[in-house]
2 protein chains.
Amino acid sequence: MQQVVAVVGGTGAEGSGLALRFAKAGLRVLIGSRKLDRAQAVATEIAAQAGAGEVTGHTNPDAVSKAAIVILTVPLSAQVETLKSIRTNFVSGAILVDATVPLEIAIGGRVSRTVSLWDGSAAQQAARLAPQGVPVVSTFHLLGAEALKNLAQPVDCDALICGDNPDAKAAVSALAQTIPGVRAIDAGSLENARFLESAAALLIALNLRHKVNHSGLRITGLGEVHR
Amino acid sequence: MQQVVAVVGGTGAEGSGLALRFAKAGLRVLIGSRKLDRAQAVATEIAAQAGAGEVTGHTNPDAVSKAAIVILTVPLSAQVETLKSIRTNFVSGAILVDATVPLEIAIGGRVSRTVSLWDGSAAQQAARLAPQGVPVVSTFHLLGAEALKNLAQPVDCDALICGDNPDAKAAVSALAQTIPGVRAIDAGSLENARFLESAAALLIALNLRHKVNHSGLRITGLGEVHR
């Protein structure tokens, strides 16, 4: 069966970049947004660009209600509210992927600084708000929107994967590796998500300082990593 | 003139690895330790292995009093005390490089977890304790001790460099790049050191999970970076 992926906040730069890559890989992708018409318009654009897969626009709760993997790609300032709006819509066996970066801009600060969250990380905050039984996996922060959108190039970046449920991590690793160039690397339990969120903010800081828009990160020295 | 580098805590794994590489590059390296005889023994070993440079053992204050660049490579639990023990010994124009990783093991916890410091990072803590006029640069955390010690191989890792003094960052970048394989990358102001310290802890977590001892990190997508 074709894998169904919902991208909540899928009209944003990061969400639409991921959606484009997953569509290109032939997946069924549901673009979720607070506004249905906006979701549909972005879905039409992505479908045309990808020329593969199947992309449709939905409200966030509707997208979640049809997906095996739900990817949350909203700004930190919208994370809690969005999670509350979709928490009753997960299907049995669904996985929640959190890609939120706790940037200071959420409180009016800088995009290159982070805030500390009570739960330790945005992903752990998502896990606290997720419905019982829905495993949370933290990843995709490091894959920059501009790199994702450039279909002519593979994405020169590893996807570090954190979570407490091995099956969910395996499913999300396989999903990550549908993107050309991306290597999925197990980075341990969900509490390590703070390292990924910090590394994502570091890449943003490097983009600003070096005037580029798609810095990425490769881990070296791991030997044979499943790809 | 030959550059003189002091490694405070130079008998530890990270410090002696850096010292070995700098000696190999032909530099004058002062191994600092609380115990003079230990510093001298390690200096003799490093000198033999490197077969280049000039390596001698000193007490920490004595090493600092003779160096243009002072690298602090002690565990977090020793950072404050060590800085206090050397703060009157810096020569005019000297640079302090902090490579401290704020690991939870400092308070009896795990080596793969970090603690949050009041100053925001170990490097900012070092800056608060450093003598006035001594610029602090944060780097070298990512270069693993095992990779540094294996002279047969280049170090497959970038050295991210944070600091508030451009001249000091340039000097330390040049020092970093005396190590084969290492690319120095400007990672912004000293407050960004928390990203580097977090990334170092991530590499430790990856080493443990993947049963390797020298994972590293490369930044991609920066285009032409001076090497």
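Up top is the structure these notes are about.
What counts, and at which threshold
- Residues numbered from 1 in each chain as written.
- Chains lettered and ligands numbered in written order.
- Predicted model: local features only at pLDDT ≥ 70, side-chain atom pairs only at ≥ 80, totals over all residues.
- Heavy atoms only, no water.
- Patch = residues over 30% accessible without salt bridge, like charges linked within 9 Å, V, L, I, M, F, W, Y side chains within 5 Å.
- Areas by Shrake-Rupley, 256 points an atom, 1.4 Å probe, with all protein chains shown as cover.
- Salt bridge = Lys/Arg side-chain N within 4 Å of Asp/Glu carboxyl O.
- Helix = DSSP H or I, 4+ residues; strand = E, 2+ residues; numbered from the N terminus.
- Buried < 20%, exposed > 50% of the residue type's maximum accessible area, 1.4 Å probe, protein only.
- Pairing = 2+ DSSP bridges.
- Axes fitted to C-alpha atoms, helices over the stretch in contact; angles between N-to-C directions.
- Contact = heavy atoms within 4.5 Å.
- Least-squares fit on C-alpha atoms with pLDDT ≥ 70 in both.
- Buried area = accessible area lost by both parts, 1.4 Å probe.
- Polar contact = N/O pair within 3.5 Å; in protein donor to acceptor, adjacent residues only side chain to side chain.

**Q** Account for a nonpolar patch on the surface, with residues named and values stated.
**A** Residue and element names in this part refer to chain A. Nonpolar side chains collect at one region of the surface, where Ile105, Val111 and Leu208 lie side by side and expose about 250 Å² of accessible area between them. Examined against the element boundaries, valine 111 turns out to sit in the loop between strand E5 (95–98) and helix H5 (122–129). Its relative accessible area of 32% is what places valine 111 among the partly exposed residues.

**Q** Run through the sheet that holds strand E3 (residues 54–59) of chain B, naming residues and quoting values.
**A** Residues and elements named next belong to chain B. With mixed pairing, the eight strands of this open sheet are ordered in space as E3-E2-E1-E4-E5-E6-E7-E8. Both outer strands of the open sheet, E3 and strand E8 (183–186), are each paired with one neighbouring strand and no more. Going from strand to strand, the sheet's axes swing by 25° on average, the running direction of each strand aside. With two bridges connecting them, strand E6 (residues 136–138) and strand E7 (residues 158–163) associate as antiparallel partners. Across the sheet, the residue bridging to serine 138 is cysteine 162, located in E7. The strands touched by helix H8 (residues 193–210) are strand E5 (95–98), E6 and E7; relative to E7, the strand with the most contacts, the crossing angle is about 150°.

**Q** Describe the relation of the copies chain B and chain A, with residues and values.
**A** When chain B is fitted onto chain A, the two copies agree to an RMSD of 0.0 Å after a turn of 180° and an axial shift of 0.0 Å. The symmetry that links the two subunits is that of a two-fold axis. Within chain B, the C-alpha atom positioned nearest to the axis of rotation is that of B:Arg218, 2.5 Å from it. Of the residues that chain B buries at the interface, 100% are likewise interface residues in chain A, meaning the two copies contact each other through the same surface.

**Q** Please set out the environment of B:Phe90 residue by residue, giving values where relevant.
**A** Residue and element names in this part refer to chain B. Residue position: phenylalanine 90 is located in the loop between helix H4 (76–86) and E5. Taking relative accessible area as the criterion, phenylalanine 90 reaches 13% and is therefore assigned buried. Residues phenylalanine 90 and asparagine 150 lie 60 residues apart in sequence; the distance between their C-alpha atoms is 31 Å. For phenylalanine 90, the contacting residues outside a window of four places in its chain are Val64, Val70, Leu96, Pro131 and Val134.

**Q** Account for the interface of chain B and chain A, with residues named and values stated.
**A** Listed per partner, the contact involves 35 residues of chain B and 35 residues of chain A. For the pair chain B and chain A, the summed buried area comes to about 2,700 Å², and 60% of that belongs to carbon and sulfur atoms. Among the residues of chain B in contact with chain A, B:Phe195, B:Leu202 and B:Thr220 are the three that bury the most area, contributing 24% of the side total. Across the contact surface, chain B and chain A share 12 residue pairs in polar contact (both at pLDDT 80 or more). Among the elements of the structure, E8, H8 and strand E9 (216–220) of chain B are those that each provide at least two residues to the side of chain B that touches chain A. The leading source of residues in the side of chain B that touches chain A is H8(B), at 11 residues. In terms of strand pairing, strand E9 (residues 216–220) of chain A meets E9(B) through five bridges, oriented antiparallel. Bridging from a neighbouring strand, A:Gly216 pairs with B:Thr220 of E9(B).

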